[in-house]
Each structure stands twice: as C-alpha cells, then as structure tokens.
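# Chains, contacts and geometry: an overview
Chain by chain, the residues:
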4 protein chains.
Amino acid sequence: MQVAIIGITGYAGSTLYELLKKHSQVNQINLYGHNLSKPTQLNQINDEFSYDQHLVFPYDENAIIKDNDAVFFATPAGVTSKMAKPFIKAGFPVIDLSGDYRLKDPDEYAKWYQKDSAELSDLQKAQYCLADIDDSEGAKYIANPGCYATAVLLGLAPVVKEDLIDLDSIVIDAKSGLSGAGKSLSDSSHFVMANENLQVYKPHEHKHIPEIVQKLQVWNKNVQNIEFMTTLVPLNKGIMCTMFMKLKSNIEMDKVQHAFDSLYANSKFVHVSMDELPTIKSVVGTNECHVGLSFNSSNNSLMIVSVIDNMIKGAAGQAIQNFNHLFDFEETDGLELMHVLP
Amino acid sequence: MQVAIIGITGYAGSTLYELLKKHSQVNQINLYGHNLSKPTQLNQINDEFSYDQHLVFPYDENAIIKDNDAVFFATPAGVTSKMAKPFIKAGFPVIDLSGDYRLKDPDEYAKWYQKDSAELSDLQKAQYCLADIDDSEGAKYIANPGCYATAVLLGLAPVVKEDLIDLDSIVIDAKSGLSGAGKSLSDSSHFVMANENLQVYKPHEHKHIPEIVQKLQVWNKNVQNIEFMTTLVPLNKGIMCTMFMKLKSNIEMDKVQHAFDSLYANSKFVHVSMDELPTIKSVVGTNECHVGLSFNSSNNSLMIVSVIDNMIKGAAGQAIQNFNHLFDFEETDGLELMHVLP
Amino acid sequence: MQVAIIGITGYAGSTLYELLKKHSQVNQINLYGHNLSKPTQLNQINDEFSYDQHLVFPYDENAIIKDNDAVFFATPAGVTSKMAKPFIKAGFPVIDLSGDYRLKDPDEYAKWYQKDSAELSDLQKAQYCLADIDDSEGAKYIANPGCYATAVLLGLAPVVKEDLIDLDSIVIDAKSGLSGAGKSLSDSSHFVMANENLQVYKPHEHKHIPEIVQKLQVWNKNVQNIEFMTTLVPLNKGIMCTMFMKLKSNIEMDKVQHAFDSLYANSKFVHVSMDELPTIKSVVGTNECHVGLSFNSSNNSLMIVSVIDNMIKGAAGQAIQNFNHLFDFEETDGLELMHVLP
Amino acid sequence: MQVAIIGITGYAGSTLYELLKKHSQVNQINLYGHNLSKPTQLNQINDEFSYDQHLVFPYDENAIIKDNDAVFFATPAGVTSKMAKPFIKAGFPVIDLSGDYRLKDPDEYAKWYQKDSAELSDLQKAQYCLADIDDSEGAKYIANPGCYATAVLLGLAPVVKEDLIDLDSIVIDAKSGLSGAGKSLSDSSHFVMANENLQVYKPHEHKHIPEIVQKLQVWNKNVQNIEFMTTLVPLNKGIMCTMFMKLKSNIEMDKVQHAFDSLYANSKFVHVSMDELPTIKSVVGTNECHVGLSFNSSNNSLMIVSVIDNMIKGAAGQAIQNFNHLFDFEETDGLELMHVLP
C-alpha cells in the first residue's frame, strides 16, 4: 500500500510518519505539505528529522488520489475542511486527525472552534471512530478523536453506557504535557514559563468538550454536559484524566468492575486495574490506555483515572488503529511499540 | 527575641530557619536536633547549608524553655507529640508545623495517621490557626495547618462560610511538587520516576482530608465530607488546588464575588481574581495565596483554583505569620519575600 | 534615594526591581519603558507582576535625570548605547546591565555583537566592574559584567592573576538554564524542545568571550584567548562553568589554594571549597558565587567549577553590589537573600 | 533463537528485554533473576512492566546454557564476574553489559571499581566490542562498552586513529541524564535535588575513564590519559560528550572531515555533521550516535560533540548490535527504532 500524509511539520504528522514506517502493509509513504511550493527535503522543513532526506511534495489533490490508497490529514483545524472536499466527493479513504469533522452540528463547530464549519452534508458522511470501541469498517471518512476526548471517553465508556453513575456529577480534571499545546511558539509554552509551573487554560472553553459530550450522548441519551478542565503540566508527552463522579445509589463496585471487564475483555490496548492507579510513564511511547479506579465509600464517589500518550493513542497511533480497522489489517500492525524506558 | 527550631533536617525546618533570619524581631535562632547526641555544625547535618557553621544542639526541653521565647516544631508527625508535653504543661509558646495537634478527635488522628494520638486534653489546648483567617492572639499552642489544607481552605472559605454552594458537590483535584513528598528517598520521588510523569497517590487516604473537613465544619455545620485527590507533578515547589462545586440554584456570581471580596479585603497575602486563573509561578517564593474563579453557566458549576508555595504559605511562612499574630508583631514581618524570578 | 530602572519587561529588569524594593537606602523606584508612549501599570506590560499596579513611565532622559539619583539600564544590547549618551555627558551615575559598554574596542564590539558600537570616547569613560574584585568607587558609568563572564572570571581570577597555569590550556564548558536565553520566544526555548534536551549553541561565537578575554588580559598580559562553549540545560535559572586547565609544571596545589584564599578572604559573596564541587542549587536565589576545585595529579590538570544565579549574581544582584560600592553603601544591602529551598 | 537475560530489575535489563521482543531472529526470551528463589511474574519485581506476567526464573547456570543460544548479563559490576565463569568455560556466547570484563588489567579493575577483578585468563578471553567500529565475529565473550565510553570513543576514533590531534590536550565534559545513575535511590537522584540542578560527580574517578584510555591506546599508542568530567543534568535519558582538543599544527579541517567520512561512510548508526551540533533529542529512543564538529581557527581548537541514548546505544542497543554481529544477523535487526517524538 501507498499512503499519503498531508502536514508533516506538526508533532502529530511527525509521529504518524515515524509509526507508519514500521507498518507491515505500507510500502511507501508519500509526504505532502499544504504550504509548499516545490518538493523539499524533510530535514529542511522539520528539524526533528535531521538526517531524513525524504522529499515532501506540494499539496496536489489529484496526484494524491492517483498515487495513494489512503490519506492521513495531519493539518490544523480550519485548514483540513478547506482541503478535504474532493476526497469526500471521490469516496477516497481519509483518516483525519484534525477536529474539522468530529462534530455533527455545524453550529457547535462554529461556536467552539471560532471558524467556519465544513458543510453539513460532509459532516454527516464522516464517522467519529474511537478506535478501541468503534469499528471503522466500511467508513470512508474517519474523524479521529481528539487526545483529551480519547482519554476521557475510554475511561467513562463502561459506566456511561451501563448507566451506573449520576450523569450530572461528572467532573474531569485533565492534565497534559506541553506537546499537546503544539509546536507554535507561545508565552505559555516558553520553557521558563512552563517549567516549574502549572497553568490552567481555556476554562470551560476547550474544543474537545463538545466531541466528548456528543459521544457520551450516543452512549447514554441522558447526558447533558460535563465539567471539564485542562492544566498544562511540565512534561513533554502524556495526558492524565482524573474523573470524579457519584455512583448511582443502588450500584455496587462489582457491577462497575463487570462493566469494565466486559467492554475491554478483548482489547489490545486498554488495560484496566481495580487496585492500582496508572501513571503517565506506563503508557508514554505506546498506543495503550491504562485505566485505574478508586472508590470512596464514605461519599459514594468513584474516581476513574485514565492515561495515554497524547501523540500516539491520542493522535497518530489511534489513526493507524482506525486505518487498520478500515482495511481489515491486524489491529496492532504498526503499533507494537516499546514504552519509553526508563 | 530568641526562638528555637526543633528539626532542621527537613525542608520545612530549613525554610523556617532561612525566613526567621530576616525577621526584625528575632535576634537569635537556636537550632535543636531531636536525634543529635552532641552539638554539630549545621552544614554537617544538612547539605542545603553548605557554608553555614551555626551549631545545632541536642534536644533538651529545659534548656529550650530557658533560652528561648518561643519554639517551632518542624519534627515529623508522631515525633512531635512525644516531645511537646512539657511545653504544653509550661504554657510555653509553641508553633507546631507537624500534624500532631491539628485534629481534635484522637480517634480520627489514629485512623488517618496510623500512629498514637497526643492526649485528648492536650489536643483541646491546641489551636488550629489558618493564619489568613484565624487570629492566634492568646493562643499558646498553635497547630499550623497542612499545606494542602491551607490551599483548599483559603479557596473554599468564602463560599462555605456564606453557604453559597451545594456542599455535597465539592471535588478537589490537588497537585503538588515533589518537595511535598519530603526529603526521604522513595521510588516515587526518584528523579527518573517522578520526571516526565504524573503520579496519583494515597487515593482517599491523604492525612490532610480530616483537618480540611474539621475546619469546613467549623464554618458550616452541614459539611459532611469532601472528595479530595492528590497528584505528584514534576516540579520542586508549589501546590495547585482545582476545586469544583455546584452553586446553589438561587446564587448569582456577584454574591460569590462579594463573599471573596469581603473576606479578603484587608488580606496581606491572599489575592483573588475573578478574571484570571493563577499559576504556581506567581506565588512560589512568597507567602501569598492566589485564587482565581471560573463559572460555567451551562451547568451552574463554579471552579475555584488556589495556588501556594507549599513550603512557605503551606508551612514555614504561615508559621511565622501565626507567630507574628501571637506576639502582636507586624503581620508581614519576615514575610516580605521576592517571588522567584524568572 | 530615588533610582530609575529603564527596561522592565525582561528578566534582568524584573529581578532588579524586586531586589531594589528591599534595599534600605532606596525609598523610591521609578520605572521607565523605552517603548512606552504613556504611563502604564506594570501588571499590564509584564505578567510576572500580576498584582503590581506601579506605573511605568515613557522614557524621558530629562525627567529621569531630574527625578533620580542613579539609573539602571536593563535594556538590550544595541538599544542602550542609543539612549545612554546624555547620561554620560551629564556625568550621571549609570549602572548598565547590557553589553554595550563592556568592550573597550569598538571593532571588537562590532564583530561580536554585529551592531554599531557606542563611541570610543564613551567606551573609555565606562568602567567594567566585576563587583567581587573591582571597586567601582569613583566610577560614573558602570558596565556590569555578563552572566557567563562573571562565573568564569571569578573562578579564574586567582590562578590567572598569580600566573599559576598554562594560559593556552584553558577550556571552559559553560552550562546555563533557559532564563539566560531571555524572554523572547524561540525554537530552542520552546518547552518541548528545551525539556529533556541539551543544546550546544553559538559555538565559538558567544558575545561574552571578548569581555572575558579582555578582563583576563588586564590580570595577565600573556592571555591570548580561551576555548569557551555554552550549552542550554533544562532548568530555569543558574550557570555552571566547568573550567579545565594545566597547572604550570612547578606549581603545587597549596599555592593554588593560597591564591584563592587571599583573593576571597574577605569576600561576602564568593565561597571556595577545595574539597567539594558546588551545585547550581546552592546558589540559586542568592548573589553568591560558589567555586570548587579538583586536581588530577595523573595529568597535572586542574578543574575549577563555579556556579552562580545568572539573574542575580550574573545580572541584577551584581548591579546592586556595584551600586552599593558606588555610593559607599553596605556591600550586602539589598542582597541578603534566601537561597531557594528546597 | 532463544536468548537469556540475567538481571531484569535495572534499566539496562528492562530496555534490553523490550528491544529483544522486536528482534526477528529471537523467538523466545528467558528471564533470570540473580536474587530470585522461585519463578516470579515480571510485573511483581519490576513495576515498569505493569501488565507483563512473563515469568522470571531463579538463576541456574546449567538451565540457562541448556535452554538458550546466548545470554545477556545485565547484572551489576562485581556480580557478573561471580556468575560468568561457567559460561566462559563452556565457550557459551555471552554479551555482558556490566564493566567486569572490559579492562584487560586486573589491577586497573581493582583500582577503579574497588572490587575484586575477574581472573586474568578470563579477562583475556573477553573481547571489548565497540559495535560501530569493532566486529565481534568470532568472539565468545563480548564486553559491551560503557555508556560514556561509547559516546567518547565514537567521537574521538577518527582523530585519534589518524593521529590528527595533540593527544595530551583532550578534555571531555560529559553530561548525563539521571537514568545513568541507575535505579537505586540516592540523595543525588532524589527529584528535588536533581531537578533544577546540575551536579558534577566523581571528579577524576569515573569507572569509564580506564576503558576509554585502554581503547584509545589500541588506536594510538601515544595516548597517555584524558581529562574527563561528568555532570548530572535534569533529564531522564541521554548523554552528551563535549570534547575539546588542539589540532596538530599541520592538520587542516578537510583532513578531519575525511577521517570521519571514511570511518563512518557505511555506518548504519553513526551520523556526522560538519555544520550542525547535535542535540540529545535527536537520538533519544534510538541506537544512533550523532556527532558534530566545530573548529575554532583563532586557537586551533577542535570541538567534537557526540550524543547518544545512554540506555540504547550506551547499553542495550549496542548489546543487540554486537549480538547481531556475533550471529551474523542483519546489523539493524531489533534496532529500527522510532526516535522519541516530540
């Protein structure tokens, strides 16, 4: 197979490229830059690849469709929808890592992203695939979930689907390393500001909130909204979501455990522990999501902690997992990764 | 004045000693080690003080009472109560940074600390002084609050005292730098484990929970308990408490603002913002507590974020503030600190 | 006394302002911005001062001279020399933290700074004052040394002055935290790039090289040049200079020790150890320089390690020390700082 | 092939195990603990492997020889030589990651390691294999180089072999992340001590010095000794060696370039740049060594900077590379790694 990556300057595109190199079914990766005017060596546009002279080509939709079997968009929100139309029209397989096709409602998109939405008819063709739960078989246009959304949804799925908790009580305190803030320079990602510091950001305004709520509502129509807050912590990679909620009064913890066990019994990537809480370190470098639970009998509160590598499970790794489902490849192909040691 | 510090090997004792050196009313600081057998130079028992040859003396209660006007205990929980009795009996002024006299109920102490409690009669003599709210005037034995408790209580005081929130809805996600885990070596504070990692610890078992609840109940008898979780983040100093709660249905935000304004109108150290959320960096190195608020009208949730330097406002600085109250010194004496720049 | 600070947005200016607040002889600090068009609150132009509403005034040389007894320039190289002329002409006391008047030779300045030099006659009026060795008494225009230069010169002074080493053998490997790279955003100071990384920069091109050589030559005319390299290390503050050299064949270590002892016998801020090597941590937050030595008898090599807080001893602290000398104040006034604990 | 790993609790053993899992010629990895009394699940003795229930077996030399085709020792210095004898006697293929068989001279070993040396006859059977230069074909007992030694030797090889530099002028300032200090708890690796700090350690006493000198002398008999210093920097992984030396007076840089080009022309893992200096980040996660050069014409000094991942190229990765040579496998088998992004 030949696959295209559009957008190779950001962290998600870089990671995707590195991962796809190990994929047994991919024999060529073609790189395209949406801002390039002529073919350029990769090491000249992305210094993460100091010795890689692979050529990156200017964006050309016809060439991409002609020369590839699938395309990954690793372009920013707002940019992707401007480019994706011909691929949607052609029914060409797309895995889109941006947020442009995740929300079904154009108004919601406009409200949260402060940009023009893709067209409603195209939004309806896109399929939001949380790879460890949803099967993308038959999908044409895959909207790959956001990083926070992935960690939150994998942690909440069992209790929301099985209706075990007071839905109005969900509080999520999410922490992310700085790679989540992207490669663009900003005051909050300046080393001296980010190091030895914690920064709460975008209170009640994070773009991943609507996709989380939209998906929770698919699982349980009584979900109204969630309380979700994000904090930048001084590390490069990793997301931890600490999620608090009240168990419904008649629910026992063995029912909760059963919900997790049955949903993830055959999961290749989601590991759940009822005894230990996971650390960021146990997942960085992998496509895994680790989930731990702690129950507080004194106030009937359940805490669920989920951790992921934001760039792999939260972006490029999940994109490949969705790609594997789409083409019926082995689910773990390209994703048998070594976690970062030490 | 001459003051004694008992316990000079830990971070709290070291910080206390550095701060007291700048206090205008303290002309001599006498150091005592609870494990020393003979006078020893400070730089030999604590390598944070490489060029300080000040002598540290073996613990001797009679000498301490005779040679000093007040004593600070910077000894561990469980150790302090074994040493404090003669001071209590003598009515000698004590500021105790340990947790041994914070809880009024010996059984609660035994349950949370897993150690023998001080005697009930002594517990009753001790006064828990949250320095920015409580006046220690007239106190003899001051139980200085815990670091997390300080950050939580200063953030919650206005809304709990004024009964503005649904008390059962309080959820606290607390993050602390590694100095909070102390100077003792452990796997979780080994650099390679703590760096590039987040570690949730002691779920639902943190010792500061009962002192928080005890104090909240003083302010509002309807408080039952709280949901409180702690995460170690890879920085040296600082605590951030992100606190979530539901506003009572008939309460508007201007009432919340008014509660903060009136409680902290004359505060030297607590600064509140309704517009911006505070960062750890803005308080590290100082005795300040910064508090920020964000209201989510879509679900009537209020988020309160409070940040402190865990070693200063959360320990040694607050101890000096209490000491200043006790002896009717200027409240800011010894505490006009430069925040760490950059 | 009233003093002016010109330039309050950078790290050096901020630190200077915080330090001067504690100076016993300074009763007013007037802030001026070289780019401001109208008086503006400090917290609006520098978010390190979230609750400081002190006004910053537009630059106006006549007003500054009229309203102040001395002025500190914390403006960038290239900018300072454009503003300093009237102060030099008026013989007004200036302490200049920039590099504009450090080099005596305009051509050297132009070569290393790639900017136009100040006029030769003005360069000659300026006095380069390494505060722990040079006395600025009688100076009018003080050129405050660079951060690396300070750490290097304090470590090398005894052996270069006393001619104890092979001058051609000096190799300096200097490491600096990211605050040394300033507040301007850049790829190399982006958190994700700087964290978990080491970056050698400006090989053989660092601006501090010529001022180091110029000063060494004052001490020992046989100095030709030095080998000096800088590496960015992932910490906020602090410089460590590891300096390697060969002892002259007839020199014993007791002579080296004697040279250090006699030069720094009465030093308030320079501490030397023949037994232990200093760490960054022991000086951060202070105006101290710690120096440690290690001799390798197998190849007659001497290693000297010096550490400073780059913003205090390497900039604002030394500036105040020079200011104290200039006005014959107590040398330690404003500089009795607490080192950062823990 | 079946291979054994002895020692699975340390960082090197863990990394080796993770890497060997991806090796195409290894179909079973048998783990042995030198302190175990009964078979134990891996996740119970090493919490880096939270979900790995692979059994670790007690050390039993006969079983190991019988059940495996090769053995990797990831045991500490001093321990390995106590266990290796029967393997040497049997001529069984060993790749030893410890330092026990690197030095040819038992007295040197005793002096630097402060432990009893292996027997001279066994030392002579061992072969020190710097995998990017030495071919281990035919070796039986491979002494895998130390991490610092690897970075230093790969950087110096071209100029020492070709005799291009003043051998007495070599000065090496080596910086290492904390994983280099191992998994054992110590004050210097306590997070609060190591973070925001730089610590020079073991001045002139580092165990890797003699193996560096021994190997340099193989390449150029005029080498006497080196000046080598190590500093702990606050990052988890990676080594940077900054090496200073004088070019011989008649040598031009094109000759230096030619020496690097010819030695590494066909190297799979060593990349050299004459224009750019490498960063730690470009190699962490890989088996690569990046080398950069900078020449200072004003004093005829050459600086060579080399960077490696201390656990991969500096330990487990190089061990596998040596293993590949030994068995004539593809050199890159098991080592086609993704560098850590971002």
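Residues numbered from 1 in each chain as written. Chains lettered and ligands numbered in written order. Predicted model: local features only at pLDDT ≥ 70, side-chain atom pairs only at ≥ 80, totals over all residues. Heavy atoms only, no water.

## Some thoughts on the interface of chain B and chain A
- If you look at the interface, chain B gives 42 residues, while chain A gives 42 residues.
- Where chain B abuts chain A, roughly 3,500 Å² becomes buried across the two surfaces, and 63% of that area is made up of carbon and sulfur atoms.
- The residue Lys246 of chain A makes a salt bridge to Asp168 of chain B at a minimum N-O spacing of 3.7 Å.
- Applying the counting criterion to the chain B and chain A interface returns 21 residue pairs in polar contact (both at pLDDT 80 or more). (Contact = heavy atoms within 4.5 Å. Buried area = accessible area lost by both parts, 1.4 Å probe. Salt bridge = Lys/Arg side-chain N within 4 Å of Asp/Glu carboxyl O. Polar contact = N/O pair within 3.5 Å; in protein donor to acceptor, adjacent residues only side chain to side chain.)

## Some remarks on helix H10 (residues 253–264) of chain D
Residues and elements named next belong to chain D.
- With twelve residues, H10 extends 17 Å between its outermost C-alpha atoms, agreeing within 8% with the 16 Å of an ideal straight helix rising 1.5 Å per residue.
- Listed as buried for H10 are Val256, Ala259, Phe260 and Tyr264. Angularly, the buried residues of H10 cover 100 degrees about the axis, an arc narrow enough to put them on a single face. Of the residues in H10, the exposed ones pointing more than 90 degrees away from the buried face are Asp254 and His258.
- Of the surrounding secondary structure, the elements contacted by the buried residues of H10 are helix H7 (147–161), strand S13 (270–273), strand S14 (289–296) and strand S15 (301–308). (Helix = DSSP H or I, 4+ residues; strand = E, 2+ residues; numbered from the N terminus. Expected span 1.5 Å × (residues − 1). Buried < 20%, exposed > 50% of the residue type's maximum accessible area, 1.4 Å probe, protein only. Arc of directions from axis to C-beta.)

## A look at the relation of the copies chain A and chain C
- Take chain A, turn it by 180 degrees, move it 0.0 Å along the axis, and it overlays chain C with an RMSD of 0.0 Å. The operation mapping one copy onto its partner corresponds to a two-fold rotation axis. By C-alpha distance to the rotation axis, the residue of chain A lying nearest is Phe191 of chain A, at 2.1 Å.
- Interface residue correspondence from chain A to chain C reaches 100%, placing this contact among same-surface, isologous pairings. (Least-squares fit on C-alpha atoms with pLDDT ≥ 70 in both.)

## Structural notes on the pairing of S14 of chain D
Residue and element names in this part refer to chain D.
- Of all eight residues making up S14, seven are buried, and the element is well covered by its neighbours.
- Sheet analysis places S13 next to S14, joined by four bridges and oriented parallel. In the sheet register, His271 faces S14, and the bridge partner there is His290.
- Linking S14 back to S15 in an antiparallel pair, the connection comprises four residues, with Asn300 at a positive phi of about 60 degrees. (Pairing = 2+ DSSP bridges.)

## A few points about the domain arrangement of chain A
Residues and elements named next belong to chain A.
- Split into domains, chain A comes out as domain 1 (2–146 + 313–326) and domain 2 (148–309).
- Summarising the inter-unit geometry, the C-alpha centres of domain 1 and domain 2 are found 25 Å apart.
- Domain 1 puts 23 residues into the contact, and the matching count from domain 2 is 32 residues.
- At the boundary of domain 1 with domain 2, total buried surface from both sides reaches about 2,100 Å², with 60% on carbon and sulfur atoms.
- The salt bridge partner of Glu48 is Lys183, with a shortest N-O separation of 3.0 Å.
- Of all the secondary-structure elements, those providing two or more residues to the side of domain 1 that touches domain 2 are helix H5 (106–113) and helix H11 (312–326).
- Ranked by residues supplied to the side of domain 1 that touches domain 2, first place goes to H11 with five residues.
- Classifying every residue of the side of domain 1 that touches domain 2 by side-chain character gives eight nonpolar, eight polar and seven charged. (Domains from an automatic or database assignment. Nonpolar A, V, L, I, M, F, W, Y, C, P; charged D, E, K, R; others polar.)

## Some thoughts on the environment of Gln114 of chain A
Residue and element names in this part refer to chain A.
- When you line up the elements, Gln114 lands in the loop between H5 and helix H6 (120–125).
- The exposure class of Gln114 is exposed, given its relative accessible area of 67%.
- Along the sequence, Gln114 and Ser267 sit 153 residues apart, while their C-alpha atoms lie 36 Å from each other.
- Only 2.9 Å separates the side chain of Gln114 from the backbone oxygen of Lys111, close enough to count as a polar contact.

## So, the pattern of salt bridges
Residues and elements named next belong to chain A.
- Enumeration over the complete set of coordinates arrives at 60 salt bridges over all chains.
- Its salt-bridge partner being Asp173, residue Lys175 comes within 3.0 Å of it at the nearest N-O pair. In terms of burial, Lys175 and Asp173 fall into one category: buried.
- Exposure remark for Asp173: the relative accessible area of 0% places this residue in the buried category.
- In this structure, a network of salt bridges that share partners links the residues Lys85, Glu119, Asp122 and Lys125.

## Description of the packing of helix H7 (residues 147–161) of chain A against helix H9 (residues 208–219) of chain A
Residue and element names in this part refer to chain A.
- For the pair H7 and H9, interaxial distance at closest approach is 10 Å and the crossing angle is 25 degrees. With respect to H9, the axis of H7 lies roughly parallel. Crossing hand, H7 versus H9: right-handed. Contacts between H7 and H9 involve Cys147, Tyr148, Ala149, Val152, Leu153, Leu156, Ala157, Val160 and Lys161 on the former and, on the latter, His208, Glu211, Ile212, Lys215, Leu216 and Trp219. (Axes fitted to C-alpha atoms, helices over the stretch in contact; angles between N-to-C directions. Parallel < 35°, antiparallel > 145°, perpendicular 65-115°, else oblique. Left-handed = near helix turned anticlockwise from the far one by under 90°.)

## Examining the environment of Phe191 of chain D
- Mapped onto the secondary structure, Phe191 of chain D falls in helix H8 (residues 191–194).
- Sequence separation between Phe191 of chain D and Ser301 of chain D is 110 residues, and the spatial gap between their C-alpha atoms is 37 Å.
- The residues contacting Phe191 of chain D, other than those within four sequence positions of it, are Leu178, Ser189, His190, Phe191, Ala194, Asn195, Pro234, Leu235 and Asn236 of chain B.

## Topic: the sheet that holds strand S2 (residues 28–33) of chain A
All names here are of chain A.
- In space, the eight strands of this open sheet follow the order S3-S4-S2-S1-S5-S6-S8-S7, with mixed pairing throughout. The open sheet is flanked by strand S3 (40–41) and strand S7 (126–128), the only strands paired with a single partner.
- Pairing of strand S6 (residues 94–96) with strand S8 (residues 141–143) involves three bridges; the strand directions are parallel. Bridging from a neighbouring strand, Ile95 pairs with Ile142 of S8.

## Here we look at the UniProt feature "active site" (unreviewed entry) in chain A
All names here are of chain A.
- As recorded in UniProt, the feature "active site" (unreviewed entry) lies at Cys147.
- Along the polypeptide, Cys147 turns up in helix H7.
- A relative accessible area of 15% places Cys147 in the buried class.
- Those residues in contact with Cys147 that lie beyond four places of it in its chain are His208, Ile239, Ile308, Asn310 and Gly314. (UniProt positions renumbered as here; feature names shortened; annotations may be inferred.)

## Observations concerning the packing of helix H1 (residues 11–20) of chain A against H11 of chain A
Residue and element names in this part refer to chain A.
- Contact geometry of H1 with H11 gives a least axis separation of 9 Å together with a crossing angle of 45 degrees. Relative to H11, the element H1 lies oblique. Remark: the crossing between H1 and H11 carries right-handed chirality. The segment H1 lies against H11, with Ala12, Thr15, Leu16, Leu19 and Leu20 engaging Ile312, Ala315, Ala316, Gly317, Ala319 and Ile320.
- The class makeup of the residues in the contact of H1 with H11 is nine nonpolar, two polar and no charged.

## Some words on the interface of chain A and chain C
- Contacts between the two partners involve 21 residues from chain A and, on the opposite side, 21 residues from chain C.
- Both sides together, the interface formed by chain A and chain C hides about 1,700 Å², and carbon and sulfur atoms give 62% of it.
- The three residues of chain A that bury the most area against chain C are Leu185, His190 and Phe191 of chain A, which together make up 41% of that side's buried surface.
- There are zero salt bridges connecting chain A and chain C.
- At the junction of chain A and chain C, the tally comes to ten residue pairs in polar contact (both at pLDDT 80 or more).
- Broken down by element, the residue count for the side of chain A that touches chain C peaks at four residues, all from helix H8 (residues 191–194) of chain A.
- Tallied by class, the residues present in the side of chain A that touches chain C amount to nine nonpolar, eight polar and four charged.

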